[in-house]
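Breakdown of the fold
Residues per chain, in single letters:
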Amino acid sequence: MGKQLQRSHRLVLVPCPYEGHLNPMLQLGTVLHFKGFSITVAHTIYNSPNPHNLPDFSFLPMPDGLSDRGVTSMDVVGDVLAVNENCREIFQRSLEKLKETQGEIISCIISDELMFFAEDVANNLKIPSIILRTTNAATSFARSGLVKLKEKGLLSQDTLSNELVPELYPLRFKDLLFSLSETLENFSAIVTKIYGKRASSAIIWNTVSCLEQATLEQIQQQCKVPIFPVGPIHMIAASNSSSLIEEDRSCLSWLDKQPHNSVIYVSNLGSLASVNEKEVTEIAWGLANSNQPFLWVIRPGSVHSSDWIELLPKGFQDDVGDKGCIVRWAPQREVLAHPAVGGFWSHCGWNSTLESLAAGVPIICKPCFGDQKVNARYVSHVWRIGLELEELKRRDIESAIRRLILHEDGKEMRARAKELKEKFEVCTRKGGSSCDSLNELVNFIMSFGT
Ligand code: UDX
């Protein structure tokens, strides 16, 4: 297909306004633009993407009711529901205007799995729609399974424990909730909204068959619409960084000075989670005591009651000297691809997990919430390319780092991660499963006509 497709086919993308959701959607847009589609991104003003990084796209900003706040709220579910409420009308009016004034024909709306309003508007305007899932297939399968158990009366609030979920090894009940404080009722309501019957014509998945084939097949058997696993999308899209925070590239020259496979890259909070002073102190001394070089991302605002690194323990930075490098935000994919990096301490957001596997880097998993807990279990127990850190205690941190970087079983994890990297390369090459799936997706969208 490629460049020969006439750019009369416009796609409207509707991302969810968080780093881990925006990145894969914009990368998907880049791939589909390369395939010949015109791209409009309908985005909230809160956490809006930078249009200068994406000069080929047009943008449709939507007032969202959150934008005045400036900082990310920790009530992600509440914020997502508010965006769905606040953007519905403006989105519908903007699309109607686009059609009337510019005579635009919209081939399809592709929306994040959490942007339910976009699917409703597509229905109202009789425009085909497709969902993009930015979490993995295992999470979807397992959460839907939990709701079915609840419907059969086999689950109560007391069951949500360390126990393994029947037929869902290695997941425990507690791995499937969004957070531990949540009630089963709320959980079922949200899961049903995300994974239940949807109006869209297909699902695009940022995952890859060689990693989740059996789960994807099981989901496809139950799902009436086609599924397109086109991931890891970042390996298919030759895109500029679309990061919401400015990347500090100086860490790359620091990495150049470190021995191969020696550095632990620490980005253990992702774009949303945070820690308190006690926790950051344990992390700091755990890193220092491991005696391995470390590159540590401390996102501004991620340590409670401080702007950045003011609450690091006294003497810590003098103690570690050149052995440690701290940045506000890193060019993560380049860092993971650097030969000095021997391991990644991650919160196991799905993008970070895919990026680590794509670079062949083993992981210390310390999930914070949501799908991260499922990802961590799969990394450590199914794909066996990482280990779980149970508690944020300096001794545990020190020994996890030394085990991953220096010990024999850490080396075995690294070898398995490298095998997966090679498999990913095959899947994302011409003729590979993700590449074929992407071509099928393009043909599917073209079959809607204009
Ligand atoms: C959350 C969920 O945890 C995740 O599973 C879901 O799919 C999306 O929302 P988030 O906390 O943002 O994700 O983590 P993750 O999915 O890992 O995404 C973080 C992104 O930020 C990655 O693409 C990573 O490369 C990027 N990043 C992170 C940087 O570019 N620099 C950094 O220093 C840290």
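Structure's up top.
Residues numbered from 1 in each chain as written. Predicted model: local features only at pLDDT ≥ 70, side-chain atom pairs only at ≥ 80, totals over all residues.

Secondary structure assignment for the protein yields 17 helices and 13 strands. Over its C-alpha atoms the protein spans a radius of gyration of 22 Å, differing by no more than 12% from the 22 Å that the globule rule assigns to 450 residues. Along the three orthogonal principal directions, the C-alpha set of the protein runs to about 65 × 50 × 45 Å. Every one of the 450 residues in the protein was classed for burial, and the buried ones make up 44%. The contacts in the protein between residues at least 6 apart in sequence include a share of 69% that link residues at least 24 apart. (Helix = DSSP H or I, 4+ residues; strand = E, 2+ residues; numbered from the N terminus. Rg over C-alpha atoms; globule rule 2.2 N^0.38 Å. Buried ≥ 20, exposed ≤ 12 C-beta atoms within 10 Å, placed from the backbone. Contact = placed C-beta atoms within 7 Å.)

The parallel open sheet is built from 7 strands, whose spatial order is β3-β2-β1-β4-β5-β6-β7. Of all the strands in the sheet, just β3 (58–62) and β7 (227–229) have a single pairing partner and so form its edges. Averaged over neighbouring strand pairs, the angle between their axes works out to 20° when direction is ignored. (Pairing = 2+ DSSP bridges. Axes fitted to C-alpha atoms, helices over the stretch in contact; angles between N-to-C directions.)

Let's shift gears to the nonpolar core. Counting 116 residues, the largest nonpolar core has Leu-13, Ile-204, Tyr-265, Val-266, Leu-295 and Ile-364 as the members making the most contacts within it. Discounting residues that sit within four places of it in the chain, Leu-13 has contacts with Met-25, Gly-29, Ile-39, Val-41, Ala-42 and Ile-110. (Core = buried A, V, L, I, M, F, W, Y, C linked by C-beta atoms within 7 Å.)

A separate point is helix α14 (residues 372–382). Among the 11 residues in α14, 9 count as buried, and that is most of the element. The set of residues buried in α14 consists of Gln-372, Lys-373, Val-374, Asn-375, Ala-376, Arg-377, Tyr-378, Val-379 and Ser-380. Just beyond α14, the residue with positive phi is Arg-384, at close to 50°.

Bringing the sheet that holds strand β13 (residues 386–388) into the picture now. Spatially, the 6 strands line up as an open sheet ordered β10-β9-β8-β11-β12-β13, and their pairing is parallel. Looking at the sheet topology across the chains shown, the edges are occupied by β10 (324–327) and β13. Direction aside, neighbouring strands of the sheet carry axes that sit 15° apart on average. As paired elements, strand β9 (residues 294–297) and β10 share 4 bridges and run parallel to each other. Bridge pairing in β10 links Phe-294 to Gly-324.

Turning to the site of the ligand, a few remarks are in order. Taken together, 25 residues form the shell around the ligand, and within it Gly-20, Gly-270, Gly-349, Asn-351 and Ser-352 come nearest. For the shell around the ligand, the elements supplying multiple residues, two or more each, are α1 (19–34), α12 (332–337) and α13 (350–359). Split by residue class, the shell around the ligand holds 6 nonpolar, 15 polar and 4 charged. (Near = placed C-beta within 6 Å. Nonpolar A, V, L, I, M, F, W, Y, C, P; charged D, E, K, R; others polar.)

Attention now moves to helix α4 (residues 137–151). Its 15 residues place the ends of α4 21 Å apart at the C-alpha level, agreeing with the 21 Å of an ideal helix rising 1.5 Å per residue. Within α4, burial applies to Ala-137, Ala-138, Thr-139, Ser-140, Phe-141, Ala-142, Arg-143, Leu-146 and Val-147. Elements in contact with the buried residues of α4: β5 (129–133), α5 (173–176), α6 (184–195), β6 (202–205), α7 (209–222) and α14. Just downstream of α4, Gly-153 is the residue with a positive phi angle, here 75°. (Expected span 1.5 Å × (residues − 1).)

This next bit is on unusual backbone geometry. Residue Pro-170 is bonded to the preceding Tyr-169 through a cis peptide linkage, with omega at 5°. As for its position among the elements, Pro-170 is in the loop between α4 and α5. Of note, the amide linkage connecting Gly-231 to Pro-232 takes the cis form, showing an omega dihedral of -15°. In this structure, Lys-126 is a non-glycine residue whose phi angle is positive, near 55°. With respect to the helices, strands and loops of the structure, Lys-126 is situated in the loop between α3 (116–124) and β5.

The analysis is restricted to geometry; functional conclusions fall outside its scope.
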